[in-house]
Amino acid sequence: MEREKRNDMSFSRKRSFTFGAYGGVDRFTCGDETRPETAEENLLDSPAGDRKPFLPASSNQRDTELFEIIEKLQGSRIDEQRCEFPLPLKSQLLTIGADLPLILPPKLGGYWVDPPLQRLVDVSPTSSHYGFVPECYDIMERDREAKIYHKFFRSRYHHSFTAVDPALGHLVLSVCLEEEESKLRVILRMKECSLHGAFSVSLFPNIPSAVELAKMLCDRVTVSKFEVVSYLKAPELITTFDEHRVSPNFKFGVLYQKDRQFNEEDILSNNEESEEFKELLSILGETIQLQGFTRFRGGLDVCHGQTGSEAIFTSFHGREIMFHVATKLPFTDGDPQQLQRKRHIGNDIVALVYQEGQSPFLSDIIKSHFLHCFLVVRRIKRAEDTSETAYQVSVTAREDVPPFGPVLPDPPIFTDRALLREFLLTKLINAEISCYKAQQFSRLELRTRLLLLEGLHAELCTRSQCMMGDPSIASLPSSEGPRVVSEGSGGFIENFKRAIRVRSHSFETLGVPRRIGGSASQRPKAEKDGEGDRSPGPLPADSLGPSEIKDQASPQEDT
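Thresholds, definitions, all that
Residues numbered from 1 in each chain as written. Predicted model: local features only at pLDDT ≥ 70, side-chain atom pairs only at ≥ 80, totals over all residues. Heavy atoms only, no water. Buried < 20%, exposed > 50% of the residue type's maximum accessible area, 1.4 Å probe, protein only. Helix = DSSP H or I, 4+ residues; strand = E, 2+ residues; numbered from the N terminus. Pairing = 2+ DSSP bridges. Patch = residues over 30% accessible without salt bridge, like charges linked within 9 Å, V, L, I, M, F, W, Y side chains within 5 Å. Areas by Shrake-Rupley, 256 points an atom, 1.4 Å probe, with all protein chains shown as cover. Salt bridge = Lys/Arg side-chain N within 4 Å of Asp/Glu carboxyl O. Phe/Tyr/Trp six-rings, centres within 6.5 Å; stacked < 30°, edge-to-face > 60°. Lys NZ or Arg CZ within 6 Å of the ring centre and 35° of its normal. Axes fitted to C-alpha atoms, helices over the stretch in contact; angles between N-to-C directions. Parallel < 35°, antiparallel > 145°, perpendicular 65-115°, else oblique. Left-handed = near helix turned anticlockwise from the far one by under 90°. Contact = heavy atoms within 4.5 Å. Nonpolar A, V, L, I, M, F, W, Y, C, P; charged D, E, K, R; others polar. Core = buried A, V, L, I, M, F, W, Y, C linked by side-chain atoms within 4.5 Å. Polar contact = N/O pair within 3.5 Å; in protein donor to acceptor, adjacent residues only side chain to side chain.

Draft legend 1. The pairing of strand β6 (residues 169-178), seen in detail. Counting buried positions over the 10 residues of β6 gives 9, a clear majority of the element. The pairing of strand β5 (residues 158-165) with β6 spans 8 bridges and is classified as antiparallel. Paired with Ser-160 across the two strands is Ser-174, which belongs to β6. If you look at the hairpin formed by β5 and β6, you'll find 3 residues sitting between the two strands. As paired elements, β6 and strand β7 (residues 183-189) share 7 bridges and run antiparallel to each other. For Leu-177, the partnering residue across the bridge sits in β7 and is Leu-184.

See below:
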């Protein structure tokens, strides 16, 4: 009777722990470790003749084991997402006395490093190639043909036309006759790209029709008729669409990596700025107070101080640049991921890393769907017998990011502060423009262009019908104005948000049918309510929808 009572107590305790807290786990498990059967289980399973006296474990021992199991089973989410530096490599690096490279590629690949590791063997602070002066540092153009319409069409008399091609989708055509040069200039806007051509008038006995001109630029055009655009403010709408990828503003992250910091959490948790780091920040730009700042703010709060009180800002060849400096963004006690910092830096496309010490930067150490390129800078001594310093620079980017200039000098060392500033800022801008050609961003840009083109087409058609007095469409209040124009050009994320707003305005407010699955139909009710499929296709973060993009980041996506 006493033995049966003890058995019942054993089962009761076990069920209370495993079924009540962990949903029916019959044995204590943690990862790959399985806890051996206890003495109670042996007592229950062994034959009657083999039973031995049972000595229950002390209360303290049971409590200790219980809390160890709970701690392991309830491991934090950060442990699964943290990018730990490989331990064997880490221990080797800490024992090497020689200078280490600025960047190490990840073990699984996926990144390129410039200069390659094999070239770094000959890098020496006593090299005679200091003061490498390039002929020029050219800034890349993101879209060379974006301003053709503004340059050649806006100041001349011209016509625009719209059509919907069964295969190519929405088309917007602009035609301009340059009488002084006897040229016929044409732009055809499609979902993939815009095509531009200039034809001599002498080639045609009569001015070709809109359909003929469109087919001259793209032989895939199958429409038989274009509708003329009669809206007086159409040039403003068309200009905004053509230049939606052109922006004079850039934002970059700045990370501070101290010696022996090999993971994301340590780097993002740095608060103190050394004098050397402050000197580099002064090279990049000037320290500004965010409160009341009226120029490009790069998503930082300039009213309520929720993103810190200071930032680094600069103007560079007609462009405004805001730096998201990790040490100047808010620090949150008890948050090892520092999401208040990462929600800005993790949504930048390019970041600069300043190294203090000899610890290399691992290319994929910062987990982000957006960050595609890092410029790493390390301060070094030019020679042993002098106090003059120099800066060594290295670049790493994801493998689908094409190379970009300016070319690193050989060796990649700078002694002149002005030259270093010119190189770094040009390299950062070109890096972001080049990153847009990566697969993830190119897909998002294509989707954004498609949405903006749909909005432009709907706006032009509806406004033109109102202009012609179509009774089926009520006249729009002038106070609304063209939505596309009022937004202006912006950054990468801003363009997508504007595309969503323009599509919502064009299809919902104006009641224009929307094409779904290749056919024109009204939008489903769920999508009108904001619950439909409004994602832009394969985003950098596949689950990132418009609401997350509007907030600049979802911490779960960034981490």
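Having seen it, we continue.
Draft legend 2. A look at a nonpolar patch on the surface. A contiguous nonpolar surface patch, about 380 Å² in accessible area, is contributed by Leu-232, Met-467 and Met-468. Tracing the backbone shows Leu-232 in the loop between β9 (227-228) and α8 (234-242). With relative accessibility at 67%, the residue Leu-232 sits in the exposed group.

Draft legend 3. Broad picture of unusual backbone geometry. Residue Pro-406 is reached from Gly-405 by a cis peptide bond, and omega for that bond is 0°. A positive phi angle, near 65°, is found at Arg-260, a position not held by glycine. One can find Arg-260 in the loop between β10 (249-257) and α9 (264-268). One non-glycine residue with positive phi stands out, namely Gln-338, at about 50°. Counting through the fold element by element, Gln-338 comes out in the loop between β13 (319-325) and α11 (339-345). Taking relative accessible area as the criterion, Gln-338 reaches 1% and is therefore assigned buried.

Draft legend 4. Broad picture of the packing of aromatic side chains. This model, assessed by the stated rule, comprises 14 aromatic pairs. With a centroid separation of 5.3 Å and 20° between ring planes, the pair formed by Tyr-149 and Phe-153 is classed as stacked. Assigned by exposure class, Tyr-149 and Phe-153 land together as buried. Taken together, the ring pairs in this structure connect Tyr-137, Phe-414 and Phe-423 into an aromatic cluster. Cation over ring: Arg-142 sits above Tyr-436, and NZ or CZ is 3.6 Å from the ring centre. The ring of Phe-152 is capped by Arg-185, whose NZ or CZ atom sits 3.9 Å from the centre of that ring.

Draft legend 5. Molecular detail of the packing of helix α10 (residues 275-284) against helix α12 (residues 417-435). The N-to-C vectors of α10 and α12 enclose an angle of 70°; their axes lie 9 Å apart at closest approach. With respect to their mutual orientation, α10 and α12 come out roughly perpendicular. Along this stretch, α10 crosses α12, giving a crossing that reads as right-handed. Across the interface between the two elements, Glu-279, Leu-280, Ser-282, Ile-283 and Leu-284 of α10 pack against Arg-417, Leu-420, Arg-421, Leu-424 and Leu-425 of α12. The class makeup of the residues in the contact of α10 with α12 is 6 nonpolar, 1 polar and 3 charged.

Draft legend 6. Looking closely at the pattern of salt bridges. In this structure the tally under the stated criterion is 18 salt bridges. Measuring nitrogen to oxygen at the nearest pair gives 3.4 Å for the salt bridge that ties Arg-245 to Glu-445. With Arg-245 in the loop between α8 and β10 and Glu-445 in helix α13 (residues 439-467), the pair connects residues that are 200 residues apart, well separated along the chain. For Glu-445, a relative accessible area of 14% puts it in the buried group. In this structure, a network of salt bridges that share partners links the residues Arg-142, Asp-143, Arg-245 and Glu-445.

Draft legend 7. Structural detail: the nonpolar core. In this structure, Phe-323, Val-350, Cys-373 and Leu-424 are the most contacted members of the largest nonpolar core, which totals 45 residues. Top contributing element to this core by residue count: α12, with 10 residues. Each residue touching Phe-323, except ones within four places of it in the same chain, is listed here: Phe-252, Val-254, Leu-284, Ala-311, Ile-312, Thr-314, Leu-425 and Leu-428.

Draft legend 8. Expanded view of the environment of Asn-263. Structurally, Asn-263 can be placed in the loop between β10 and α9. Linking Asn-263 and Ile-365, residues 102 residues apart in sequence, is a C-alpha distance of 6.2 Å. Separated by 3.3 Å, the side chain of Asn-263 and the backbone nitrogen of Glu-265 make a polar contact. A polar atom in the side chain of Asn-263 sits 2.8 Å from the backbone nitrogen of Asp-266.

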